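Structural features, examined
Residue-level listing of the chains:
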Amino acid sequence: YQRRVHGTLSECQFFFAMLSCISITLRRGVRSCGSQPPSVVLMDHVSGGVRSAAVTTAAELNIADHLDASSMSADQLAARAGVSKDSMVRLLRVLSSFGIFQPTSSGEWAHTPVSEEMKSGKLHDSIITMGRQLRPAWPHFTDVVRAGGHAFERDTGYGVGTFWDWLGRHPDEARIFNASMQHGSAAVLPAIAAAYDWGRLRHVVDVGGGNGHLLAKILQVNPDLHGTLFDAESAISDPGTAAVLDPFAARATTAAGSFFDDCLPRPAGPGAALVLKHVLHDWDDASCAPILRNCRAALEPSGGRLLIIELILPPLPQLLPPSVAVMDAVMWNVHDGKERTEAEFEALLGAAGFRIEGIHQVPVPKRPFAIIEAVLH
């Protein structure tokens, strides 16, 4: 995905950090089913939609923000949220059954460590994105599995086009989505900057880099490096982009366009590199082909490197961490994209005239991120 319609903020194609945070948070609150009969475990998975709806409703009502004292009565919370006391009590009882909010001995309600994560500036917007914005996709998952394509080709109620098209028509929803992506990626950028010897390069072009958060982090820790941010005009002209890159104005430039067109900036010199961070997983192999072909055309004059930052799935029969498996399902159902194994990346890059020279693991716990370093054949 390249933010070519609505100018989303940095890391807008990146769901994984958000998914991991939500998965970890909910696991802390949900009681273990390890000792339960298989039928109970199975039905617990099926009822996960109820838990998701309850958590999303609490986020939309801003209950975590409203509970700004050590404890509050249901009457107070109901008045602040604009619902009846009965509705508030019933919702809180559902949530507290899996560790989100808790009743006190005085009959009031208090936070738990999990409900604290629902506050604004934490996982609030991420919950809205996963729990409401993407919810219309999932009734169509069976059709996607049977017939291919993606859910938003079906009648989701979002109108014609892709999920990105819908965000472009609804700027308020785009702002929520943008905020969720920025929060989810904040912890990952330092790890990416530390995982590769960026200092060996002279010029980096971040292709589809949104508002430039990744580029800014790389430039911050490599004072001799120059960089170019390439994305849609709506992202490049966003005031947030200037705010992010202004501290590096002497070393950072911008260029607008689409990575589907042969107009990528051509980094100069042998120390040149193009960066694709969580771009390819939004697309099937056929759609990735023109992106990689344009990357090759941009690199051919300098003989530079292509640095692809993605998840790398382990081969079967190794099991996936749940958050990784969910991530792949989201890419599949929402975008017709996919996470890939190392062998799949080798085939994809080989068809575009690249070969993998090295794989650099990104040190983020429980997330199999890597920087795939590819060079021209």
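Rules used in this analysis
- Residues numbered from 1 in each chain as written.
- Predicted model: local features only at pLDDT ≥ 70, side-chain atom pairs only at ≥ 80, totals over all residues.
- Heavy atoms only, no water.
- Phe/Tyr/Trp six-rings, centres within 6.5 Å; stacked < 30°, edge-to-face > 60°.
- Helix = DSSP H or I, 4+ residues; strand = E, 2+ residues; numbered from the N terminus.
- Buried < 20%, exposed > 50% of the residue type's maximum accessible area, 1.4 Å probe, protein only.
- Polar contact = N/O pair within 3.5 Å; in protein donor to acceptor, adjacent residues only side chain to side chain.
- Salt bridge = Lys/Arg side-chain N within 4 Å of Asp/Glu carboxyl O.
- Axes fitted to C-alpha atoms, helices over the stretch in contact; angles between N-to-C directions.
- Parallel < 35°, antiparallel > 145°, perpendicular 65-115°, else oblique.
- Left-handed = near helix turned anticlockwise from the far one by under 90°.
- Contact = heavy atoms within 4.5 Å.
- Nonpolar A, V, L, I, M, F, W, Y, C, P; charged D, E, K, R; others polar.

Thoughts on the packing of aromatic side chains
Under the criterion given, the structure shown has 12 aromatic pairs. Residues Trp164 and Phe177 carry aromatic rings whose centres are separated by 5.6 Å and whose planes lie at 70 degrees to one another, so their mutual orientation is edge-to-face. In this pair, Trp164 is assigned in helix H10 (residues 163–169) and Phe177 in helix H11 (residues 171–185), connecting sequence segments 13 residues apart. Among the residues examined, Phe177 registers a relative accessible area of 0% and is labelled buried. Judged by centre distance (5.1 Å) and plane angle (65 degrees), the rings of Phe259 and Phe260 are edge-to-face. The class for Phe259 is buried, based on a relative accessible area of 0%. Cluster of aromatic residues (ring-pair linked, three or more members): Phe152, Tyr158, Phe163, Trp164, Trp166 and Phe177.

Details of unusual backbone geometry
Residue Pro317 is reached from Leu316 by a cis peptide bond, and omega for that bond is 10 degrees. Tracing the sequence through the fold places Pro317 in the loop between strand S7 (305–313) and helix H17 (322–335). The phi angle at Phe101 is positive, at roughly 70 degrees, despite the residue not being glycine. Note that Phe101 resides in the loop between helix H6 (85–96) and strand S1 (102–103). One non-glycine residue, His278, lies in positive phi territory at about 50 degrees. Considering the arrangement of structural elements, one finds His278 in the loop between strand S6 (272–277) and helix H16 (285–299).

Re the environment of His278
In this structure His278 comes out as buried when scored by relative accessible area, which is 1%. Considered as a pair, His278 and Asp75 are 203 residues apart in the sequence and their alpha carbons are 45 Å apart. A polar contact of 3.3 Å, which involves the side chain of His278, links it to the side chain of Lys277.

Concerning the pattern of salt bridges
Side-chain pairs of opposite charge can arise whenever the charged atoms involved come near each other. A complete count under the given rule lists 15 salt bridges for this structure. Note that Arg305 is salt-bridged to Glu357, the shortest N-O span being 2.3 Å. Highlighted residues: Arg305 in strand S7 and Glu357 in strand S9 (residues 354–361), separated in sequence by 52 residues. On the accessibility criterion, Arg305 (17% relative accessible area) is buried. Each of the salt bridges in this network shares a partner with another, and the network as a whole consists of Arg200, Arg305, Arg355, Glu357 and Glu373.

Overview of the packing of helix H8 (residues 124–133) against H11
The N-to-C vectors of H8 and H11 enclose an angle of 120 degrees; their axes lie 7 Å apart at closest approach. Between H8 and H11, the interaxial angle falls into the category oblique. Judged by the sense of rotation from one axis to the other, the crossing of H8 with H11 is left-handed. Residue-level contacts link Asp125, Ser126, Ile128, Thr129, Arg132 and Gln133 of H8 to Glu173, Ile176, Phe177, Ala179 and Ser180 of H11. The residue makeup of the contact of H8 with H11, split by class, is four nonpolar, four polar and three charged.

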